[in-house]
Amino acid sequence: LSVNTPPLDSEAAILLQIVQKSPADIESLQLQIINAQETLSALMGLQETASRRMADAKSILHPMRSLPEDILIEIFLFCTPIVNHHEVQWSTHGDKFDSLYPLNHPWNVSHVSHRWREIALSLPRLWSVIYLDFKRYTSFSPRQCSFVGSLLFERSAKLDLCVNIVSGEMEIDHHPLMPLLKESTTRWRILNAHMSSPSLQSLSGCEFPLLQELGVRDEYPGDRLDVPVNTFRNVQNVRIMHLYPSDSGLEGYQNLGEFPWSNLSKLSCHISELKSDFLPSLQQLTSIE
């Protein structure tokens, strides 16, 4: 090939034989390649099937499947948010716990398997800690809020509730979740309200027969702190109260109307934030331990 001279007669004969025989050789090789590819594809399919069967077997043999139901129940309850001084623990995925988000407990465990779902739905305690951050629901449709909220309260059955409401400066009295909240106040045992005075006042027509612990933080702007809050004037069982400081101080919730201060056995607040007109309320604290 490196020269342009014609081949010798003997060389030409050999080259001619190559040309004549090569198509058959190429066809034979192509058939072998096709057979090899088919064999490889079949082997890869068998390998995938074997891997899938092994994974299924491991899944079936997983120790979690053999856990007794009472152990699973304890695990689920252990994952329930803990209320400590009215603050709900942070969720495992780095965001604040919120009861309407499906990544949070107990929604997440109720979507793992049929068995887990049956257990989760049979445990009202899993659904009895309710944390609602209204500032996060701006992208939720009213129908979505009402539907998920209805499921939440329905699954808590008739248990006492620990309710945590965060709305900031938002006025939420017309929010689609408010009817659900108002219907459930007779079951509230703990309430942590980080709300504006008008929003908290919108609950004034509700009853709180089981309420034992109350935490409030006024999120209303400092120039509008004249809104009276008479929501809790008839509560009789509240023994513990927390007054949380806000950017504008405690002025708004110092005007708690006819709150039965004498029933309290514990009051936590920032003394430095209190105003002099709150002293009459302090004088009523005759049962403080």
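In what follows, the structure referred to is the one given above.
These numbers were taken from a predicted model, which means no experiment stands behind them. (Residues numbered from 1 in each chain as written. Predicted model: local features only at pLDDT ≥ 70, side-chain atom pairs only at ≥ 80, totals over all residues. Heavy atoms only, no water.)

Some words on the overall build of the chain
The helix and strand inventory of the chain stands at 8 helices and 8 strands. A buried classification covers 40% of the 289 residues belonging to the chain. Restricting to contacts in the chain with at least 6 residues of sequence separation, those with at least 24 account for 70%. For the chain, the computed accessible surface area is about 17,400 Å², with 56% contributed by carbon and sulfur atoms. (Helix = DSSP H or I, 4+ residues; strand = E, 2+ residues; numbered from the N terminus. Buried < 20%, exposed > 50% of the residue type's maximum accessible area, 1.4 Å probe, protein only. Contact = heavy atoms within 4.5 Å. Areas by Shrake-Rupley, 256 points an atom, 1.4 Å probe, with all protein chains shown as cover.)

Points about the pairing of strand β4 (residues 161-166)
Judged by how many residues are buried, β4 sits mostly within the fold: 6 of 6 residues are covered. The side-chain alternation of β4 yields two buried faces, one formed by L161, V163 and I165 and the other by C162, N164 and V166. As defined by bridge partners, strand β3 (residues 129-133) adjoins β4 across 5 bridges and the pair is classed as parallel. Bridge assignment links D133 to a residue of β4, and that residue is V166. Read as a crossover between parallel neighbours, the route from β3 over helix α4 (residues 142-155) to β4 is right-handed. With 6 bridges connecting them, β4 and strand β5 (residues 188-195) associate as parallel partners. Counterpart to I165 in the pairing with β5 is A193. Each parallel crossover has a hand, and for β4 linked through helix α5 (residues 178-184) to β5 it is right-handed. (Pairing = 2+ DSSP bridges. Right-handed = clockwise from strand over helix to strand, strands pointing away.)

So, unusual backbone geometry
Working note: non-glycine residues mostly have negative phi, and peptide bonds are mostly trans. The amide bond that connects H105 to the next residue, P106, takes the cis arrangement and shows omega of 5 degrees. With respect to the helices and strands, P106 occurs in the loop between β2 (87-88) and α3 (114-121). In this model, A157 sits at a positive phi of 55 degrees, which is unusual for a non-glycine residue. Along the chain, the position of A157 falls in the loop between α4 and β4. With relative accessibility at 37%, the residue A157 sits in the partly exposed group.

Quick look at the sheet that holds strand β7 (residues 240-243)
Across a sheet, strands are paired by hydrogen bonds formed along the backbone, either parallel or antiparallel in direction. Strand order in the open sheet formed by 6 strands is β3-β4-β5-β6-β7-β8, with parallel pairing between adjacent strands. The open sheet terminates on both sides in strands that have one partner only, identified here as β3 and β8 (266-268). Across this sheet, the average inter-strand angle for adjacent strands is 10 degrees, counted without regard to direction. (Axes fitted to C-alpha atoms, helices over the stretch in contact; angles between N-to-C directions.)

Considering the packing of helix α2 (residues 69-78) against α3
At their nearest, the axes of α2 and α3 sit 11 Å apart, and the two run at 65 degrees to each other. When the axis of α2 is compared with that of α3, the two are roughly perpendicular. For the pair α2 and α3, the crossing hand works out as right-handed. Listed contacts from α3 to E69, L72, I73 and F76 of α2 are R115, W116, I119 and A120. Taken together, the residues of the contact of α2 with α3 break down into 6 nonpolar, no polar and 2 charged. (Parallel < 35°, antiparallel > 145°, perpendicular 65-115°, else oblique. Left-handed = near helix turned anticlockwise from the far one by under 90°. Nonpolar A, V, L, I, M, F, W, Y, C, P; charged D, E, K, R; others polar.)

Section: the pairing of β5
β5 sits mainly inside the fold: 7 of its 8 residues count as buried. Judged from the 6 bridges that link them, β5 and strand β6 (residues 213-218) form a sheet pairing that is parallel. The partner of H194 across the bridge, within β6, is R217.

So, α4
Taking 1.5 Å per residue, 14 residues should reach 20 Å; α4 reaches 20 Å between its end C-alpha atoms and fits that length. Those residues of α4 that fall on the buried side of the exposure criterion are C145, V148, G149, L151, L152, F153 and R155. Residues of α4 that are buried make contact with α3, β3, β4 and α5. A positive phi of about 55 degrees marks A157, the residue just after α4. (Expected span 1.5 Å × (residues − 1).)

Quick word on the pattern of salt bridges
Under the definition given, this model contains 1 salt bridge. The partner of E48 in a salt bridge is R52, and the shortest N-O contact between them spans 3.5 Å. Taken together, the residues E48 and R52, both in helix α1 (residues 9-60) and 4 residues apart, mark about one turn of the helix. (Salt bridge = Lys/Arg side-chain N within 4 Å of Asp/Glu carboxyl O.)

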